Amino acid sequence: MNAIQHSFSPPQPIQEKPHTSRHKRNLRERYCRVVAMEMSLKIGVNLIIATVTMCSLARLLPYHWSQQEKLREIRTQEKLMKENVDNLTVDFSRNFDPHQRKTIMQEQGYRFSPNQLRIVWSKYPQEKRQ
């Protein structure tokens, strides 16, 4: 009476997958092989390009470092020459300044103006004469 009754449904026909023809399957496999070969070829070419790039960098880096060192040396020489030129410019300006004429004459020659007294320092003091 109160027993559970099973409901039976009429059997459904099993739907079979449509069979693909052998030709379509061969085309799909061929397409997959072509795509795989193309990708392998792309990867191979990229690896060759990367290898060539690394070799080029390995050759160029030492050259770059030597050029940087030369550039540092040239900049150091430039600073030294700039200081030398500045000193020479100051000397040149001083030598052609008309107001410095007398001072330069006294420094480079032993000429003194007539109203100036000359003082000579001796190394040993003279004994007092009686």
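Everything that follows concerns the structure shown earlier in this document.
First, a word on scope: everything that follows refers to the structure included in this document. (Residues numbered from 1 in each chain as written. Predicted model: local features only at pLDDT ≥ 70, side-chain atom pairs only at ≥ 80, totals over all residues. Heavy atoms only, no water.)

Attention shifts here to the overall build of the chain. Tallying secondary structure elements over the chain gives two helices and zero strands in all. Across the 130 residues of the chain, 1% fall into the buried class. As displayed, the chain offers around 14500 Å² of accessible surface, 59% of which is attributable to carbon and sulfur atoms. (Helix = DSSP H or I, 4+ residues; strand = E, 2+ residues; numbered from the N terminus. Buried < 20%, exposed > 50% of the residue type's maximum accessible area, 1.4 Å probe, protein only. Areas by Shrake-Rupley, 256 points an atom, 1.4 Å probe, with all protein chains shown as cover.)

Further remarks concern a nonpolar patch on the surface. On the surface, Tyr31, Val35 and Met39 cluster together to form a nonpolar patch covering roughly 310 Å² of accessible area. Its location among the elements puts Tyr31 in helix α1 (residues 22–95). Residue class for Tyr31 comes out exposed when judged on its relative accessible area of 59%. (Patch = residues over 30% accessible without salt bridge, like charges linked within 9 Å, V, L, I, M, F, W, Y side chains within 5 Å. Salt bridge = Lys/Arg side-chain N within 4 Å of Asp/Glu carboxyl O.)

Time to look at the packing of aromatic side chains. What the rule picks out here adds up to one aromatic pair. The interplanar angle of 50 degrees and the centroid separation of 4.7 Å between the aromatic rings of Phe92 and Phe96 together place this pair among those described as tilted. By relative accessible area, which is 54% here, Phe92 ends up exposed. (Phe/Tyr/Trp six-rings, centres within 6.5 Å; stacked < 30°, edge-to-face > 60°.)

A word on the pattern of salt bridges. Counted under the stated rule, the structure contains three salt bridges. Glu29 is the salt-bridge partner of Arg33, the closest N and O atoms lying 3.8 Å from each other. In this pair, Arg33 and Glu29 are both assigned in helix α1, four residues apart and thus about one turn of the helix distant. Judged by relative accessible area, which is 39%, Glu29 ranks as partly exposed. The salt bridge involving Glu69 is made with Arg72; its shortest N-O contact spans 2.6 Å. Pair noted here: Glu69 and Arg72 are both in helix α1, with a separation of three residues, about one helical turn.

Interpretation in functional terms is not warranted from these geometric data alone.
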